[in-house]
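Examining the three-dimensional arrangement
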Amino acid sequence: MIRDITIGQYYPGKSVLHSLDPRVKLIVTFWLIVVIFLCKSFFSLGLIALTAVAAAALSRVPAKMILKSLKPIVIILIFTAILNIFYTQGGETYFSWWKIEITEKGVNTAIFTMIRIVSLVVISSLLTYTTTPTMLTDALERILSPLKVFKIKVHTLAMMMTLALRFIPTLIEEIDRIMNAQKARGADLETGGLVERAKALVPIFIPLMVSAFRRAYELAFAMTCRCYTGGEGRTRMKQMKIALRDIIAIIFCAAITAGVIVLNHFFDAVI
Amino acid sequence: MSYTIETIGLTHYYSKGTVQQVAAINDVNLKIEKGELVGIIGHTGSGKSTLISHFNGLLKPDSGKVLVDGVDIWKDKETLKKSRFKVGLCFQYPEYQLFEETVYKDIAFGPKNMKLSEAEIKERVMRAAAFTGVKAEHLGKSPFDLSGGEKRRVAIAGVMSMEPEVLIFDEPAAGLDPRGRNALINLIKDYRKQTGSTVIIVSHSMEDIAEMADRVIVMNNSSVAMQGSVDEVYSRGDELRAMGLNVPEITEIFAKLRAKGLDVPQNVYTVEQGAAILRKLLERGSAK
Amino acid sequence: MSEKIIEFENVTFAYETEEEDAPVQFPALTDVSLTINKGEFVAVLGHNGSGKSTLAKLCNAILEPTKGKVTVKGIVPDTEEKADEVRRIVGMVFQNPDNQIVATIVEDDVAFGPENLGIEPAQIRKRVDDALKSVNMYEFRHREPHKLSGGQKQRVAIAGVIAMQTECIVLDEPTAMLDPKGREEVMQTVKRLNKEMGITVVLVTHFMDEAVQADRVVVVDGGRIVMNGKPREIFSNVEKLRSFGLDVPQSTELCHVLGIKEGVLDVDECVDEIARLAGGAL
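In this numbering scheme, every chain counts its residues from 1 along its sequence in written order. Labels follow written order: the first chain is A, the first ligand is 1, and so on. For a predicted model such as this one, the threshold for reporting local features is a pLDDT of at least 70, and the threshold for listing and counting side-chain atom pairs is 80 or more; totals across whole chains, interfaces and linings nevertheless cover every residue. Side-chain measures here rest on the full set of heavy atoms in the structure, leaving out hydrogens and waters.

Contacts are assigned to residue pairs that have any heavy atoms within 4.5 Å of one another. The partner chain C presents 41 residues to the 34 residues of chain A that form the contact. Note on terms: buried area is the combined drop in 1.4 Å-probe accessible area of two parts once they are placed together, counting the loss on both. Counting each side, the surface lost to burial between chain A and chain C is near 3,300 Å², with a carbon and sulfur contribution of 54%. Interface area lost by chain A to chain C is led by A:R166, A:R226 and A:M237, which between them contribute 27%. Throughout this description, the term salt bridge denotes a Lys or Arg side-chain nitrogen within 4 Å of a carboxyl oxygen of Asp or Glu. For the interface between chain A and chain C, the tally reads six salt bridges. In this structure, A:R236 and C:E115 form a salt bridge, with 3.7 Å as the shortest nitrogen-oxygen distance. Polar contact is defined as a pair of N or O atoms within 3.5 Å, subject to the rule that within protein one atom must be able to donate a hydrogen and the other to accept it, and that residues adjacent in sequence are counted only when both atoms are side-chain atoms. The interface formed by chain A and chain C contains 15 residue pairs in polar contact (both at pLDDT 80 or more). Helix and strand assignments come from DSSP, with helices taken as H or I runs of at least 4 residues and strands as E runs of at least 2, each series counted from the N terminus. Among the elements of the structure, α8 (154-184) and α10 (202-225) of chain A are those that each provide at least two residues to the side of chain A that touches chain C. Charged residues are taken to be Asp, Glu, Lys and Arg, nonpolar residues to be Ala, Val, Leu, Ile, Met, Phe, Trp, Tyr, Cys and Pro, and polar residues to be all remaining types, Gly included. Here the residues of the side of chain A that touches chain C are counted per class, giving 14 nonpolar, nine polar and 11 charged.

Before going further, it helps to spend a moment on the interface of chain B and chain A. In this complex, chain B contributes 22 residues to the contact, which on the side of chain A involves 18 residues. Both faces combined, the contact of chain B with chain A buries some 1,700 Å², and carbon together with sulfur accounts for 61% of it. At the boundary of chain B and chain A, one finds one salt bridge. In this structure, A:R185 and B:D106 form a salt bridge, with 2.9 Å as the shortest nitrogen-oxygen distance. If you look at where chain B meets chain A, you find three residue pairs in polar contact (both at pLDDT 80 or more). Here the residues of the side of chain B that touches chain A are counted per class, giving 12 nonpolar, six polar and four charged.

Quick look at the pattern of salt bridges now. Enumeration according to the criterion identifies 52 salt bridges over all chains in this entry. Of the charged contacts in the structure, one is a salt bridge between C:D108 and A:K238, with a shortest N-O distance of 2.7 Å. With C:D108 in helix α3 (residues 106-116) and A:K238 in the loop between α10 and α11 (244-266), this residue pair bridges two chains. Only protein chains enter the accessibility calculation, which uses a 1.4 Å probe. A residue is then buried if its area is under 20% of the maximum for its type, exposed if over 50%, and partly exposed in between. Classification of C:D108 by relative accessible area gives buried; the value is 17%.

Next up, the structure:
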């Protein structure tokens, strides 16, 4: 049923990764992404890949779901691999035909880039698998709150994101309803050229907009009734507290960074 | 003989092919005759909305068939398209489908999709507007400037203007006050009397159905639980209550009177009917 | 004498719309005076467009009267600060449950009001849990609101007001979009709030069977209060109610048509009366 949709790709669970402070998770994720780009040798990258695999295991998110998150990037992976194989030259030549030469360096770079992208995607999807969109917005608001100094309305932005997340499912349901109503009046949404199809969307788009405005208006009333006056003076029910596991996560990250730097130093760089 | 609408083993699943697969409707076999006014009752989630969305091909059956005038609507594309015009479906809160600049254009949307001539379209819009009580001076106005009740009439006119053989209403009185509800019930009754069309009303209001329907179909747990005349269905109060449906208050009064040992019938579902019976009873009482 | 919580004194409210450059005023309420006492359960009845919704919105300073004065526990909400104070006393639940839920998790939504009030986090937690328990939605606290039924969403909205610990709750047609089961759930909850928690309730509705459950019924027609009294008094005037585009419960109607008793409120009363009179027929 259409109302069963879930926004984001949160996978409910009680693992260590789930219970980490969302702010820490957000920071650690960005941190690791930066470290991925610091890697120069197979050994340092291997350390990151190992971390990604370990984190995935810790999260208890089924391997099938993690592989699913890799599906959309398969084409990118193949494309970058081919590019690297053909355009990076050097070292021993494995294969040569006409103008095409496949060299040791090309193959190494291709493999290296692929591992890098896969690690990147796995690490960032672990963040969204173990953190709800609401928690992410909350964390972002709190991390960015120092920006208030520069008159950036962090709270307002976060509130807007929360409301968007809240209303996306409602509006999807609404689109479904309106589409059915217009189809019942003989609206043809499936056939015709681009222009006709665009035109056919008018009977759906206009009622949707009217409804969205009505909802926004009513929501504003309802929020006023509940004494909402912006971020000033608000408290939060759910406090974010840094626990021991969060400190461990940060120290672990630092260790990996150090490891990457050391391994970069001792082994030959691939790129 | 073919029926206006007939379903054979009609089944539809939600989340098909996943672990959560559940039947929204399961093996529904129904026959609806020409000119009937059929009420479909059931609580939310009983499958009644899914059922009617199959009657004009908005949903495709996972198994089973829907026949309109004896023809399978999924036979080919052309038949499917025609079935949309043969079976008009007026959804709950239909005012949310309005979109045109003027009331006239909105009512004309259906007939225009039917590729009728301008003259024919105009005739139909006028007829539908007259039926639903949409005022002539409103035809040039924006539908968004009308009141809630007026919008609903325009939206209903927008389905009626297709002049379908079968007109289905999903919760037509939802959100209306008593005056609006009564006006709407009379509108539907008049429409049926004057056009002789088949009308199907989906509702969870037992009172509304009792006032209009010739025949009642009760949906429960994705299948047809009962069908028959209003008399036949409403007399099974206990079973209806077990399905989460409330019998009309008047029916409940009579059930309790019987429980108190009074000799009154149990198939009472309108106040007029009940008053007539009780008047006789009370006269007899005072005569003694 | 009981303590007043909301008082309308000669309140007039007109909506202003621009029509061909000249502002046109549509009066929604005219010269309304009404007192709601602490602990009362008042139903406001009227057909669509009678002005009953406007009356509700004036109760917690969402609208400001064009003329006259609305006072909530002695406060006249003529500034933004005072309006906020009033909203801490009078909470509101609207018709469409979808358009008043703010958060993507049930318990976060209930916490929204108390968070705005700047309550201590531990205190909010307790209030949220208590509020959800009092509307029987505690087991649903981690659910997403869009996956709930209409009646459940409306109960979450009510919990959101309870958690603000308002003394009064105004419900603007809370059951109009619900099915019979949802209506029943919401009505049970509303009655419990009033009887067990002592919260003053103003219920705007056009369902007669809901109005009969109130302590007092106020009938609005054409922007004026046309009837105000105990349900029994109000429902004794079947013809008068009809003239305002309203109906009466079938029990009331039956006894009225038979001419045996006026102002009958429920099935049991109706059955008893008929059984008593028909005693000779047994």
